[in-house]
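Residue strings, one per chain:
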Amino acid sequence: MGAGLRPARRRLFPHLSPPALSVYAAPMTSHRAMIIAVDGPAASGKGTIARALGRHFGLPHLDTGKLYRAVGLALLRAGVDPADAVAAAAAARELDAALLDDMAITDDATAAAASIVSAHPAVRAALIDRQRAFAGQAGGAVLDGRDIATVIAPHADAKLFVTASPPVRAARRHAELTGKGQSVELATILADIQARDARDSNRAAAPLVQAADAALLDTSEMSIDAAVERAVALVKAQLAAAA
């Protein structure tokens, strides 16, 4: 399988302490573990919102998409086709934690590979225990991905489904890439987002769907601050309703 697929010796989640407090609001404390699940399609703003929720509520945050990106990156580094389900499953089982901090994990090629490997049931099965372990740690956690509220933590205390229209998401991604000095056509990004949406929503294993009890947050016409403020309010409302 190549050196890129060998197991790491360090822990996959070495930093489980709560992150710094949010600039958006004072932290909320709780005497019991609290799990917040944030799902949604690519470039919807779910990662930004999940990180802000972690800071606000004093909880550690995991971007589960980075796990799939790491698997995709491992395959690309080894010269293996991400569509190879057997190789992808092996890469997931032997995941090198160092890849989570690799600069290339944010590349478009890595994102495309992640979208492909995430459709393999064996890959999802190999990573599910890691995600559930993070969610189940003492004190709670915030996780964002595509199947958190439906598969990883269906018992989560609060659930959000964050979305935005494909053109808005494509424009956000285009601005991000051009800000990094990359030249890419907006139409190309939109086509890629639509293709990823189709793969994520139509895959047999853990498709992207809004959980029945998840609150919908459409960020299409929202600023970052407004979206975070609304997310905090939605979480607090769910917690209050369950109290």
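In case you missed it, the structure is sitting above this.
This text gives an overview of the structure that appears in the document. What you see as residue numbers is a count from 1 along each chain, following the sequence as written. With pLDDT at 70 or above as the cut-off, local features in this predicted model cover only qualifying residues; side-chain atom pairs require 80 or more to be listed or tallied, and sums for whole chains, interfaces and linings still use all residues. In computing side-chain properties, one takes all heavy atoms of the structure into account and sets aside hydrogens as well as water.

So, on to the nonpolar core. To qualify as a nonpolar core, a set must consist of buried Ala, Val, Leu, Ile, Met, Phe, Trp, Tyr and Cys residues joined through side-chain atoms within 4.5 Å. Remark: exposure states derive from per-residue accessible area (1.4 Å probe, protein chains only) relative to the maximum for the residue type, with buried under 20%, exposed over 50%, and partly exposed in between. Judged by nonpolar contacts, the single largest core of 22 residues is most densely connected at I36, V38, I49, L53, F57, L160 and V235. For this core, the secondary structure elements donating two or more residues are strand 1 (34–39), helix 1 (46–57), strand 4 (158–163), strand 5 (215–218) and helix 9 (224–242). Residue contributions to this core peak at 7 residues, all from helix 9. If we ignore the near neighbours within four places in the chain, the residues touching L53 are I36, V38, V142, L160, A231, V232 and V235. With 21 residues, the next largest nonpolar core counts Y68, A74, L100 and L127 among its residues. A run of DSSP states H or I qualifies as a helix once it reaches four residues; a run of E qualifies as a strand once it reaches two. Both are numbered from the N-terminal end. Contacts are assigned to residue pairs that have any heavy atoms within 4.5 Å of one another.

Moving on, we come to helix 8 (residues 186–202). Given the number of residues in a helix, its expected span is that number minus one, multiplied by 1.5 Å. In this model helix 8 runs 24 Å from its N-terminal to its C-terminal C-alpha over 17 residues, within 8% of the 24 Å that 1.5 Å per residue would give. All of the buried residues along helix 8 are I189, I193, R196, D197 and D200. The buried residues of helix 8 occupy an angular sector of 105° when the element is viewed end-on, so they sit on one face. Away from its buried face by more than 90 degrees, helix 8 exposes A187 and N202. The inward-facing, buried residues of helix 8 abut helix 2 (65–78), helix 4 (108–117) and helix 7 (166–179). The directions considered for the arc are those from the helix axis to the C-beta atoms.

For this document, the term salt bridge refers to a Lys or Arg side-chain nitrogen within 4 Å of an Asp or Glu carboxyl oxygen. Evaluation of the coordinates by the stated rule reveals 9 salt bridges. R173 serves as the salt-bridge partner of E176, at 3.0 Å between the closest nitrogen and oxygen. Taken together, the residues E176 and R173, both in helix 7 and 3 residues apart, mark about one turn of the helix. On the basis of relative accessibility, which here comes to 38%, the residue E176 falls in the partly exposed class. Several salt bridges converge on common partners, so that one network encompasses D108, R173, E176 and K180.

The next thing to look at is the side chain of H120. Mapped onto the fold, H120 is located in the loop between helix 4 and helix 5 (121–135). The exposure class of H120 is buried, given its relative accessible area of 11%. For H120, the contacting residues outside a window of four places in its chain are P82, A83, D84, A85 and A88.

As a further point, take the packing of helix 1 against helix 9. Lines are fitted to the C-alpha atoms to define the axes, a helix being fitted only along its stretch in contact, and any angle between axes, read from their N-to-C directions, falls within 0 to 180 degrees. It is the contact of helix 1 with helix 9, at a shortest axis distance of 10 Å, that shows an interaxial angle of 60°. Taken together, helix 1 and helix 9 sit at an angle that is classed as oblique. The crossing of helix 1 and helix 9 is right-handed. Taking contact as the criterion, the partners of T48, I49, A52, L53, H56 and F57 in helix 1 are, on helix 9, I224, A227, V228, A231, V232, V235, K236 and L239. For the contact of helix 1 with helix 9, the per-class residue count stands at 11 nonpolar, 2 polar and 1 charged. Throughout, the term roughly parallel applies to angles under 35 degrees, roughly antiparallel to angles over 145, roughly perpendicular to angles from 65 to 115, and oblique to all others. A crossing counts as left-handed when the near helix is turned anticlockwise from the far one by less than a right angle, and as right-handed when that turn is clockwise. Following the grouping adopted for this structure description, the nonpolar residues are Ala, Val, Leu, Ile, Met, Phe, Trp, Tyr, Cys and Pro, the charged ones are Asp, Glu, Lys and Arg, and the polar ones are all others, Gly among them.

Shape is all these values report; function is a separate question.
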